[in-house]
Amino acid sequence: MPFNGDILTIVGLLKLDLPSGAARLCDGAFCDFASERYTSDHAVLGTVAGLEPVEDGGGDLAPGGEITFLPPDGVTALTLMAAVPQGTRIRGWLGEIGGDGKTVTNAKPLFDG
């Protein structure tokens, strides 16, 4: 039986509210979500190499997770640490790319912290 359905393209989205302005990253070339452009790289952070699941903290422990970046050549660890201070709001979504191949038409929030 031939496949007659639509193609489903899934995208991961990550937004960091940095002091220098928002960093909006996706796991593809680029896409548009909530009237904002998300790209696969950032001038200081580079690209996302890995994202560990966010886990709820128990008792007096804060929720935690881990993001690994591959920064561009020449960006030092000190520059990265200064760019993303502790307490930076980070949000993540898993979205679906629409028929135009660039607009996220449906996104599920994964974390906001």
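Preceding this paragraph is the structure being described.
The following paragraphs examine the structure supplied in this document. (Residues numbered from 1 in each chain as written. Predicted model: local features only at pLDDT ≥ 70, side-chain atom pairs only at ≥ 80, totals over all residues. Heavy atoms only, no water.)

1. What about the overall build of the protein?
Of the regular secondary structure elements, the protein holds 1 helix and 8 strands. Overall, the protein shows an N-to-C arrangement of helices and strands of β-β-β-β-β-β-α-β-β. Put simply, the protein has 113 residues, and 25% of those count as buried. Put simply, 43% of the contacts in the protein that link residues at least 6 apart link residues at least 24 apart. For the protein, the exposed area adds up to about 7,600 Å²; of that, 55% sits on carbon and sulfur atoms. (Helix = DSSP H or I, 4+ residues; strand = E, 2+ residues; numbered from the N terminus. Buried < 20%, exposed > 50% of the residue type's maximum accessible area, 1.4 Å probe, protein only. Contact = heavy atoms within 4.5 Å. Areas by Shrake-Rupley, 256 points an atom, 1.4 Å probe, with all protein chains shown as cover.)

2. Structural notes on the nonpolar core
Leu14, Leu16, Leu18, Ala23, Leu25, Leu45, Phe69, Leu80, Ile90 and Phe111 together form the largest nonpolar core, which totals 10 residues. Looking at this core, the elements that each hand over two or more residues are strand E1 (9–18) and strand E2 (21–26). Counting residues per element, this core draws most heavily on E1, at 3 residues. Among all residues touching Leu80, those that are not within four sequence positions of it are Val44, Leu45, Pro71 and Val75. Grouped together as the second largest cluster of nonpolar side chains are 9 residues, Val11, Tyr38, Trp93 and Ile97 included. (Core = buried A, V, L, I, M, F, W, Y, C linked by side-chain atoms within 4.5 Å.)

3. Some details on the side chain of Arg91
The residue Arg91 is located in strand E7 (residues 89–97) in this model. At 2.8 Å, the side chain of Arg91 forms a polar contact with the side chain of Asp17. Filtering out sequence-adjacent residues up to four positions away, Arg91 remains in contact with Leu13, Leu14, Lys15, Asp17, Phe111 and Asp112. (Polar contact = N/O pair within 3.5 Å; in protein donor to acceptor, adjacent residues only side chain to side chain.)

4. A short note on the environment of Gly21
Take Gly21: it is sitting in strand E2. With 62 residues separating them along the chain, Gly21 and Ala83 place their C-alpha atoms 9.9 Å apart.

5. Here's the deal with the pattern of salt bridges
Scanning the entire structure with this criterion turns up 6 salt bridges. Here Asp32 makes a salt bridge to Lys102, at a shortest N to O gap of 4.0 Å. You can see Asp32 sitting in strand E3 (residues 30–33) and its partner Lys102 sitting in the loop between E7 and strand E8 (104–112), a full 70 residues away along the chain. Overall, the relative accessible area of 17% leaves Asp32 in the buried class. With relative accessibility at 33%, the residue Lys102 sits in the partly exposed group. (Salt bridge = Lys/Arg side-chain N within 4 Å of Asp/Glu carboxyl O.)

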